[in-house]
Amino acid sequence: MEQIFDVVVVGSGAGALLAAIRAADAGLTALVVEKAEVAGGTSATSGGGIWIPDNHDMARVGLSDGVDAAFRYVRACARGLSSDERILAYVETARHMARYLDQLGVRYKSMPKYSDYYPGMDGAMPGGRTMDPADFNGALLGLEGLAQLRPTNPGQLILGRMTLNAFEAHSILSRERSAKLKLMWIMLRYAVDYPWRRKTKRDRRMTGGQALVGGLLAALRKRRVALWLGTPLKSLQTEDGRVTGVLVERDGKPVAVRARMGVLLAAGGFERNQAMREQYLPKPTDQAWTATPPGGNTGDAIRAGESAGGALHLMSHTWGAPTLSVPKEDRFRALFVERSLPGCMVVNAAGRRFLNESCPYPEFQQAMFADQASGGGAIPAWIVFDAEFRRKYPMGPLGPGEAQPDHRLPKKWQGSVYWKADTLAGLAQQIGVDADGLAASVARMNDWAASGKDLEFDRGGNVFDRYYGDPAVKPNPNLAPLAKAPFYAIRLYPGDIGTKGGLLTDQDARVLDGAGQPIPGLYCTGNNSASVMGPAYPGAGSTLGPAMTFAYRAVAHMAGNP
Ligand code: FAD
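Parameters and conventions
Residues numbered from 1 in each chain as written. Predicted model: local features only at pLDDT ≥ 70, side-chain atom pairs only at ≥ 80, totals over all residues. Heavy atoms only, no water. Pairing = 2+ DSSP bridges. Helix = DSSP H or I, 4+ residues; strand = E, 2+ residues; numbered from the N terminus. Patch = residues over 30% accessible without salt bridge, like charges linked within 9 Å, V, L, I, M, F, W, Y side chains within 5 Å. Areas by Shrake-Rupley, 256 points an atom, 1.4 Å probe, with all protein chains shown as cover. Salt bridge = Lys/Arg side-chain N within 4 Å of Asp/Glu carboxyl O. Axes fitted to C-alpha atoms, helices over the stretch in contact; angles between N-to-C directions. Parallel < 35°, antiparallel > 145°, perpendicular 65-115°, else oblique. Left-handed = near helix turned anticlockwise from the far one by under 90°. Contact = heavy atoms within 4.5 Å. Buried < 20%, exposed > 50% of the residue type's maximum accessible area, 1.4 Å probe, protein only. Near = heavy atom within 4 Å. Polar contact = N/O pair within 3.5 Å; in protein donor to acceptor, adjacent residues only side chain to side chain. Expected span 1.5 Å × (residues − 1). Disulfide = S-S within 2.5 Å. Arc of directions from axis to C-beta. Domains from an automatic or database assignment. Buried area = accessible area lost by both parts, 1.4 Å probe. Nonpolar A, V, L, I, M, F, W, Y, C, P; charged D, E, K, R; others polar.

**Some remarks on the sheet that holds strand β4 (residues 108-110)**
Item 1. Strand order in the open sheet formed by three strands is β3-β5-β4, with antiparallel pairing between adjacent strands. Of all the strands in the sheet, just β3 (50-51) and β4 have a single pairing partner and so form its edges.
Item 2. Where β4 and strand β5 (residues 130-133) come together, three bridges link them in antiparallel fashion. Residue K109 lies in a different strand from β5, and its bridge partner there is D132.

What follows is the structure, encoded as structure tokens:
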């Protein structure tokens with residue numbers, strides 16, 4: 001028998017859940033269908049940051065912003081690859097969406113020192129637009145709700161159990177005096193929480209993407225919105241050019257669901273689909289390099305929307321990031337911040353630096369492709385650091401040596417996760433990098449560290465770079481010599497945290513056809529759609545902010561309240 005809802009949402013990432021909640025709040029019936037057996041997609045495994053210009057929490061941290069400046073900034077970032085109408089809709093609506101999250105109990109804090117990614121551009125802010133989720137009490141989900149929530153990445157867990165919010169992570173990475181106390185408090189609080197731990201090993205204190213999606217899932221459950229897990233979308237149903245519903249597979253059987261007001265596609269990108277990667281993305285490309293959950297986002301709903309007449313846009317773009325592999329982990333880890341700390345540098349096969357190591361992660365990935373294309377051999381690239389760096393700071397899966405010395409690392413990691421040698425020449429030989437090139441690059445880096453000025457790539461030359469530097473290191477918090485043996489290296493790939501090309505939409509998230517006309521009944525958000533940011537990444541939270549903002553607008557449009 002055909003099932004009928006007002007709104008059908010495909011996927012269960014942040015945008016999807018927010019849409020279903022908003023539909024319920026507007027008095028509509030909603031259904032969420034999710035392919036996996038758990039809800040939350042990559043969103044649940046993310047940092048949960050959202051980029052919200054002129055947000056309600058900026059005043060608390062003494063900042064002010066304007067929609068005009070944000071519009072100019074995003075417009076310049078997007079380089080003509082996103083329409084003005086969509087950009088304006090985003091910068092105007094994001095703050096309302098963020099207030100709505102607050103009302104739902106999904107609270108966010110503005111990060112006053114976390115700069116936009118291109119601080120030199122017109123309209124950029126040196127901080128405040130990126131917001132980090134406040135910690136969420138997972139117990140509010142109940143055990144049944146908790147079992148529905150996709151757990152986070154292994155790489156985000158301390159001792160396999162606890163997580164940090166972005167403020168704590170920054171404090172620990174920049175070696176603030178209070179950092180150790182904060183870490184001890186987090187561990188102590190977990191250790192003494194016997195009543196909850198008797199029920200589950202998962203920490204009730206949720207941060208990042210777990211706090212965001214945990215909070216949304218709690219709001220969804222409170223409203224008793226139907227959530228069908230293990231239910232993939234198979235195709236869209238259309239009548240006279242209008243999308244009228246979906247065909248899904250439930251318990252191995254096809255089920256038709258009618259959507260009276262609209263279908264919102266929010267089923268992620270195509271980063272886990274090797275054939276689509278090869279069709280659209282720069283080469284070489286490998287689905288193993290992405291940091292998103294295995295098997296999840298295979299572009300099904302992009303293809304379904306295309307079959308219904310939807311136009312595709314930005315298909316050669318990803319939310320790029322360098323990634324690395326750790327044995328026994330089912331996905332690569334993104335290397336977001338450690339590469340910015342002083343005493344490390346990144347080289348290609350010639351042993352040469354080819355980028356500013358502290359640059360935004362999408363630029364990092366693009367620089368790898370550019371260097372590879374010009375014959376430098378940056379795929380893979382190597383991040384090289386010395387014993388002093390190893391002692392003080394984390395790098396990927398290696399905790400700071402003062403807390404986790406080499407002898408406490410799994411033996412098999414040497415030669416598979418990290419490489420180590422007493423001399424730079426020995427290291428170069430192990431990793432197959434030109435030894436003379438590496439020696440010359442290290443000598444140059446050591447000069448830049450002494451003068452504080454990186455004359456090659458200006459690392460540490462702006463407020464964004466310096467955010468993840470070490471303020472105790474002078475004269476440049478991002479630069480220190482690589483002088484003390486042994487020397488280490490870790491292999492990096494041009495990975496991603498999702499793709500950003502998909503169905504082209506308008507300012508209300510309506511899917512457009514090849515002639516630029518909306519397809520009635522069909523909406524799309526998140527990485528299922530072409531990003532409002534065009535090819536750029538204006539600031540941390542540029543994927544989740546738009547995913548939820550356009551979900552918010554889509555439902556308003558469906559409900560006749562644009
Ligand atoms: P997802 O959250 O991946 O959800 C898509 C869902 O659709 C999945 O559950 C999938 O199983 C489901 N699905 C797929 N196919 C079907 C089908 N046929 N039928 C039904 N369901 C289907 N971005 C930020 O903005 N801020 C951050 O702080 C941030 N941190 C990150 C940290 C990490 C480690 C990673 C990996 C990513 C991070 N990102 C961040 C990126 C961000 O997580 C993603 O871009 C975002 O979650 C994409 O949201 P989405 O809703 O489009 O897709």
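**With respect to a nonpolar patch on the surface**
Item 1. Together, L188, V192 and Y194 make up an exposed nonpolar region whose accessible area comes to about 320 Å².
Item 2. By the element assignment, Y194 lies in helix α7 (residues 194-197).

**Some details on the packing of helix α1 (residues 14-25) against helix α8 (residues 208-222)**
Item 1. The interhelical angle for the contact between α1 and α8, taken along N-to-C directions, is 25 degrees, at an axis separation of 9 Å. On the basis of the axis angle, α1 is roughly parallel to α8. The handedness of the crossing between α1 and α8 comes out as left-handed. Residues A14, L17, L18, A20 and I21 of α1 form the contact with α8, whose participating residues are L212, V213, L216, L217, A219 and L220.

**A look at the pattern of salt bridges**
Item 1. Following the criterion strictly, the structure yields 36 salt bridges and no others.
Item 2. Across the pair D506 and R510 runs a salt bridge, and its minimum N-O distance is 2.8 Å.
Item 3. Overall, the relative accessible area of 8% leaves D506 in the buried class.
Item 4. Among the ionic contacts, a cluster of salt bridges with common partners joins R352, R353, E357, R444, D454, E456 and R459.

**Looking at the site of the ligand**
Item 1. Every one of the 36 residues lining the ligand counts as a neighbour, but E34, S43, D300, N527 and L544 are closest to it.
Item 2. Between the ligand and the protein, one listed contact pairs an oxygen atom with a side-chain N or O atom of T543 at 2.8 Å.

**A few points about α8**
Item 1. Over its 15 residues, α8 runs 21 Å from end to end, which matches the ideal 21 Å to within 8%, given 1.5 Å per residue.
Item 2. Of all 15 residues that make up α8, 13 are buried, and the element is covered over most of its length.
Item 3. Backbone geometry just after α8 places R224 at a positive phi near 55 degrees.

**What to know about the environment of H96**
Item 1. Checked against the element boundaries, H96 lands in helix α3 (residues 84-104).
Item 2. Classification of H96 by relative accessible area gives partly exposed; the value is 42%.

**A word on the side chain of N273**
Item 1. Within the secondary structure, N273 is located in the loop between β11 (253-265) and α9 (274-280).
Item 2. Within the structure, the side chain of N273 is placed 3.0 Å from the backbone nitrogen of M276, a separation counted as a polar contact.
Item 3. Setting aside anything within four residues of it in sequence, one finds N273 in contact with N297 and T298.

**Thoughts on the state of the cysteines**
Item 1. Enumeration according to the criterion identifies zero disulfides in this entry.
Item 2. No disulfide involves C77; its sulfur sits 14 Å from that of C359, the nearest cysteine.
Item 3. With no disulfide partner, C359 has as its closest neighbouring cysteine sulfur the one in C344, 12 Å distant.
Item 4. For C359, a relative accessible area of 10% gives the class buried.

**Topic: helix α10 (residues 300-307)**
Item 1. Looking only at α10, the buried set comprises A301, I302, A304 and G305. Considered in projection along α10, the buried side chains sweep an arc of 165 degrees and stay on one side of the axis.
Item 2. Taken together, the buried residues of α10 touch β9 (233-239), β11, α9, β12 (312-313), β19 (502-503) and β21 (518-524).
Item 3. Phi turns positive, to about 105 degrees, at G309, one or two residues after α10.

**Points about the domain arrangement of the protein**
Item 1. Domains assigned within the protein are domain 1 (1-158 + 208-317 + 500-562) and domain 2 (322-495).
Item 2. In this structure, domain 1 and domain 2 have C-alpha centres spaced 33 Å apart.
Item 3. Across the contact, 26 residues belong to domain 1 and 22 residues belong to domain 2.
Item 4. When domain 1 packs against domain 2, close to 2000 Å² is buried across both sides, 68% of that on carbon and sulfur atoms.
Item 5. Sorting the residues of domain 1 by area buried against domain 2 places Y114, Y117 and W289 first, and these three jointly supply 29% of that buried surface.
Item 6. At the surface where domain 1 touches domain 2, the tally comes to zero salt bridges.
Item 7. Linking domain 1 with domain 2 are five residue pairs in polar contact (both at pLDDT 80 or more).
Item 8. For the side of domain 1 that touches domain 2, the residue count by class is 16 nonpolar, six polar and four charged.

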